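Residue-level structure breakdown
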There are 2 protein chains.
Amino acid sequence: MPEMRRDPITKNWVIIATERAKRPEKPTYKVDMQENEVPYEKNCFFCSENEYMTPPEVLAYRNYNSKPDSSGWTLRAVPNKFAALNLNQEFHIKQENSLQISSYATGTSEVIIESPHHSKCLSQLDLDQVADVLRAYRDRYIAISQENAVKYILLFRNHGAQAGTSITHPHSQIIATPVIPPKIAEEFTGANDYFESTGRCVYCDMIKMELKERSRIIYENDHFISFAPYASKTPFETWIMPKFHSAKYQDLNEEQILYLSEVWKTTLFKIYKGLENPPYNYFIHTSPTQKNTDRYYHWHVELIPKLTIAAGFELGTGMYINIAIPEDCAEYLREIAVK
Amino acid sequence: MPEMRRDPITKNWVIIATERAKRPEKPTYKVDMQENEVPYEKNCFFCSENEYMTPPEVLAYRNYNSKPDSSGWTLRAVPNKFAALNLNQEFHIKQENSLQISSYATGTSEVIIESPHHSKCLSQLDLDQVADVLRAYRDRYIAISQENAVKYILLFRNHGAQAGTSITHPHSQIIATPVIPPKIAEEFTGANDYFESTGRCVYCDMIKMELKERSRIIYENDHFISFAPYASKTPFETWIMPKFHSAKYQDLNEEQILYLSEVWKTTLFKIYKGLENPPYNYFIHTSPTQKNTDRYYHWHVELIPKLTIAAGFELGTGMYINIAIPEDCAEYLREIAVK
């Protein structure tokens, strides 16, 4: 039966259209799996030995006797060579008239090179290395949040060309903006409304519901959970969340990082194996840098495998037609064995 | 210089990032141009002679002596065989708890087969045929708006597999929803705010500005205009609008349809020729069926060529990084000669 479900935070409706799964020529993608591992590629900006190709590093986890911007690292963060925003000028609103309002694009953009290995993707790295990536997210978040001009920091990852990656070597990205972006503002409003009317965090309530119903859980340990949200917008949409209330990713402590990396790696591995290495995008939604959302917000990761195309209907309405049932997707991934 | 521009209606910021155009391996697509025209394909649902493959037609422009659901037509509208919504049950909100709110997916979905010809795309049709497509949009809009359950009707077109088309034969689509979708609601709010504070239609003011500045105009005639919006979200984003104030596409009269079809065909042809037949999505934003927006709203078409991929940043923030300058895009298309 075709069903609509309402997102409890944004209050937007999603159409769960199982009939559409029968459409002819449903587009499906795969990221080319490299049969043989390629540890090094001589023209790759991000490979070890090619450090001179990037701007100077802003963070590196490296051997105690190695030098900055040389080999001997396990993870590096560098400014994005093709940054869309920079901190050279202030964010200052210029109003030509009521229809033409502009500013210098103030902000920053960095790349986190997740490992020196050219072809090993995040789901294939050791747990230690995944934990390092999550530490680097936190460390760079904290460093960038010191900039006065920065109002929001998005940590995200594009996997595969169909998900918008232009460089093959596995990496994550950070973009810091001088405004709070609309999707973030929408979540803050929704979560705050819920808090005002119930006195509770909507995300904490979601976790309680998921742990009770269990049908949408993909994986969990004592402190973190991954699941298919009730109002999933796309097939295999996956969220990762702390079970404890926390508005800020950047507040994670060492013990929490270890628990989180286990859920993160396991979830990515299930997607890699179960969906045959699909392209995907994920991003972390956390508190903004200069606004206190501690009581009502709850940081989380949203991962969207690129299995379908957002076309005229989605672009024109902002509504989504999801051709898969979230409970089916969760069950499928839950049952994928982890090697 | 990297710049941010604020959309005057939604108030969302767009990053105009000319530096990003230098990124390595920028993905670009083309719709395969069929060297030889293919008038008929025996397995195509939408070709003439294959009428039995579709549900019974709800509209057809056909020879006076031809029968419904047989050949002899120039345009047909049929229910979507793979509809995500239907009118079998009412839209009735079921609240399991505050986090699980659902309904039957009430609505309708139709396909407008633009011509019997299998491979000729809209920009290649005669002006008469383009006018027929625009008439069919209006006629089906009016018919569907009689349904009580319908709150909004979106007319849209996906061109090319990368823009989400699953069937090659040129066609447009209609989806009617039982709620006003979020992007539509956002525009109504923005336009109403502008009207409340100025007493004027924001779209009328935009047209006045575009006609004065001229740098973003792509094409115009006495009654319609196509242009690159000031805060374009993607390269070559193109809007088509009536120069006269009108909230409702469905109010177009015969004379207006003729003027509109000239701007429509010319604009599509410039995109086809100038960008070498790129995949694209377009949709018509018009008034909802049961809410009066006459004073402050102004119907328009938004066309988005699929030249880049919305990736983690766009999905995570709802902000766009546009790697092309709108004025450059408009100039380029303006100068494309129409055969």
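Keep in mind it's a predicted model, so treat the numbers as computed, not measured. (Residues numbered from 1 in each chain as written. Chains lettered and ligands numbered in written order. Predicted model: local features only at pLDDT ≥ 70, side-chain atom pairs only at ≥ 80, totals over all residues. Heavy atoms only, no water.)

Moving on to the overall build of chain A. Counting its regular elements, chain A contains six helices and 15 strands. Looking at the 339 residues of chain A, the share that counts as buried comes to 60%. Within chain A, residue pairs in contact and separated by at least 24 positions form 66% of the contacts whose partners lie at least 6 positions apart. For chain A, the accessible surface area stands at approximately 13,600 Å², while carbon and sulfur atoms represent 49% of it. Computed over 37 positive and 43 negative side-chain charges, the inter-centroid distance for chain A is 2 Å. (Helix = DSSP H or I, 4+ residues; strand = E, 2+ residues; numbered from the N terminus. Buried < 20%, exposed > 50% of the residue type's maximum accessible area, 1.4 Å probe, protein only. Contact = heavy atoms within 4.5 Å. Areas by Shrake-Rupley, 256 points an atom, 1.4 Å probe, with all protein chains shown as cover. Lys, Arg positive; Asp, Glu negative; His and termini not counted. Charge placed at Lys NZ, Arg CZ, Asp CG, Glu CD.)

We now examine the sheet that holds strand β3 (residues 59-62) of chain B. Residues and elements named next belong to chain B. Strand order in this open sheet of 10 strands is β3-β4-β7-β9-β8-β13-β14-β12-β11-β10, and the pairing throughout is antiparallel. In this open sheet, the two edge strands, each paired with only one partner strand, are β3 and β10 (217-220). Each neighbouring strand pair of the sheet contributes to a mean axis angle of 15 degrees, computed without reference to strand direction. Here β10 pairs with strand β11 (residues 224-227) via three bridges, running antiparallel. In the sheet register, Tyr 219 faces β11, and the bridge partner there is Ser 226. (Pairing = 2+ DSSP bridges. Axes fitted to C-alpha atoms, helices over the stretch in contact; angles between N-to-C directions.)

Turning our attention to the side chain of Ser 261 of chain A. All names here are of chain A. Within the secondary structure, Ser 261 sits in helix α4 (residues 254-274). Owing to a relative accessible area of 1%, Ser 261 belongs among the buried residues under this scheme. Once residues lying within four places of it in the same chain are set aside, the contact partners of Ser 261 are Leu 127, Val 130, Ala 131 and Leu 134.

Further remarks concern the packing of helix α1 (residues 127-144) of chain A against α4 of chain A. All names here are of chain A. The contact between α1 and α4 brings their axes to 9 Å, and the two run at 120 degrees. It follows from the interaxial angle that α1 and α4 lie oblique. Seen along the crossing, α1 lies across α4 with a hand that is right-handed. For the pair α1 and α4, the contacting residues are Leu 127, Val 130, Ala 131, Leu 134, Arg 135, Tyr 137 and Arg 138 in the first and Glu 254, Ile 257, Leu 258, Leu 260, Ser 261, Glu 262, Trp 264 and Lys 265 in the second. A breakdown of the residues in the contact of α1 with α4 according to their chemical character gives nine nonpolar, one polar and five charged. (Parallel < 35°, antiparallel > 145°, perpendicular 65-115°, else oblique. Left-handed = near helix turned anticlockwise from the far one by under 90°. Nonpolar A, V, L, I, M, F, W, Y, C, P; charged D, E, K, R; others polar.)

With that settled, the discussion passes to the interface of chain B and chain A. Taken together, the contact between chain B and chain A spans 78 residues of the former and 78 residues of the latter. Taken together, both faces of the contact between chain B and chain A bury some 6,400 Å²; the carbon and sulfur share is 67%. In this structure, the connection of chain B to chain A is made through zero salt bridges. Inspection of the region where chain B meets chain A yields 18 residue pairs in polar contact (both at pLDDT 80 or more). Looking at the side of chain B that touches chain A residue by residue, the classes come out as 44 nonpolar, 21 polar and 13 charged. The pairing of strand β6 (residues 100-104) of chain A with strand β1 (residues 3-6) of chain B spans four bridges and is classified as antiparallel. Note that in β1 of chain B the partner of Ser 103 of chain A across the bridge is Met 4 of chain B. (Buried area = accessible area lost by both parts, 1.4 Å probe. Salt bridge = Lys/Arg side-chain N within 4 Å of Asp/Glu carboxyl O. Polar contact = N/O pair within 3.5 Å; in protein donor to acceptor, adjacent residues only side chain to side chain.)

A word on the packing of aromatic side chains. All names here are of chain A. Taken as a whole and judged by the stated rule, the model has 30 aromatic pairs over all chains. Pairing Phe 236 with Tyr 332 gives two aromatic rings, centres 5.9 Å apart and planes at 70 degrees, and the pair type is edge-to-face. Residue Phe 236 is located in the loop between β11 (224-227) and β12 (238-242), and its partner Tyr 332 is located in helix α6 (residues 326-334); the two are separated by 96 residues in the primary sequence. Classification of Tyr 332 as partly exposed rests on a relative accessible area of 38%. By way of ring pairs, the aromatic residues Tyr 137, Phe 224, Phe 244, Tyr 249, Trp 264, Tyr 280, Tyr 282 and Trp 299 are connected into one cluster. In this structure, Arg 76 is placed above the aromatic ring of Trp 73, and the distance from its NZ or CZ to the ring centre is 5.9 Å. Seen from the ring of Phe 45, Lys 81 lies directly overhead, with NZ or CZ sitting 4.9 Å from the centre. (Phe/Tyr/Trp six-rings, centres within 6.5 Å; stacked < 30°, edge-to-face > 60°. Lys NZ or Arg CZ within 6 Å of the ring centre and 35° of its normal.)

Our next topic: the sheet that holds strand β1 (residues 3-6) of chain A. Sheet architecture is open: five strands sit in the order β15(A)-β2(A)-β1(A)-β6(B)-β5(B), paired in mixed fashion. Of all the strands in the sheet, just β15 (320-322) of chain A together with β5 (94-97) of chain B have a single pairing partner and so form its edges. Across the sheet, the mean angle from the axis of one strand to that of its neighbour is 30 degrees, orientation sign disregarded.

Right, let's talk about the pattern of salt bridges for a bit. All names here are of chain A. In the structure shown here, the tally under the stated rule is 38 salt bridges over all chains. For Glu 114, the salt bridge goes to Arg 157, with nearest N and O atoms at 2.7 Å. Placement of the pair is Glu 114 in the loop between β7 (108-113) and α1 and Arg 157 in strand β8 (residues 152-159), with a sequence separation of 43 residues. Among the residues examined, Glu 114 registers a relative accessible area of 2% and is labelled buried. The salt bridge partner of Glu 254 is Arg 138, with a shortest N-O separation of 4.0 Å. Separated by 116 residues along the polypeptide, Glu 254 in helix α4 and Arg 138 in helix α1 bring together distant segments of the chain. Residue class for Glu 254 comes out partly exposed when judged on its relative accessible area of 37%. The exposure class of Arg 138 is buried, given its relative accessible area of 12%. Residues joined by salt bridges that share partners form a network here, namely Glu 3, Arg 5, Glu 210, Glu 213, Arg 216 and Glu 327.

A few words on the relation of the copies chain B and chain A. Superposition of the two copies of the chain requires a rotation about an axis and a shift along the axis. Once chain B is rotated about the relating axis by 180 degrees and shifted along it by 0.0 Å, it coincides with chain A to within an RMSD of 0.0 Å. Overall, the copies show the geometry of a two-fold rotation axis. Closest approach to the rotation axis among the C-alpha atoms of chain B is made by Ala 310 of chain B, whose C-alpha sits 4.7 Å away. The share of interface residues of chain B whose copies in chain A are also at the interface is 100%, consistent with both copies meeting through the same surface. (Least-squares fit on C-alpha atoms with pLDDT ≥ 70 in both.)

Residues and elements named next belong to chain B. Side-chain alternation along β11 places Phe 224 and Ser 226 on one buried face and Ile 225 and Phe 227 on a second face that is also buried. Once β10 ends, the chain turns through three residues before running back antiparallel as β11. For β11 and strand β12 (residues 238-242), the ladder comprises four bridges, and the chain directions are antiparallel. Each residue of the ladder has a partner; that of Ile 225, found in β12, is Met 241.

A few words now on the state of the cysteines. Residue and element names in this part refer to chain A. Under the criterion given, the structure shown has zero disulfides over all chains. Cys 204 provides the cysteine sulfur closest to Cys 201, a residue in no disulfide bond, and the two sulfurs are 3.8 Å apart. Residue Cys 201 is classed as buried on the basis of its relative accessible area of 7%. The exposure class assigned to Cys 204 is partly exposed, which follows from its relative accessible area of 21%. (Disulfide = S-S within 2.5 Å.)

Another point: α1 of chain A. Spanning 18 residues, α1 of chain A covers 26 Å between terminal C-alpha atoms, matching the ideal 26 Å at 1.5 Å per step. Of the residues making up α1 of chain A, those classed as buried are Val 130, Ala 131, Asp 132, Val 133, Leu 134, Arg 135, Ala 136, Tyr 137, Arg 138, Arg 140, Tyr 141 and Ile 144 of chain A. (Expected span 1.5 Å × (residues − 1).)

A word on α4 of chain A. Residues and elements named next belong to chain A. Given a rise of 1.5 Å per residue, 21 residues ought to cover 30 Å, and the 30 Å separating the end C-alpha atoms of α4 matches this to within 8%. Among the 21 residues of α4, 15 are classified as buried, and the element is accordingly described as predominantly covered. Among the residues trailing α4, Glu 276 stands out with phi positive, at a value near 55 degrees.

Another point: the pairing of strand β8 (residues 152-159) of chain B. Residues and elements named next belong to chain B. Most of β8 sits inside the fold, with eight of its eight residues counted as buried. Pairing analysis gives five bridges linking β8 to strand β9 (residues 171-177), with the strands arranged antiparallel. Bridge pairing in β9 places Leu 155 opposite Ile 174.

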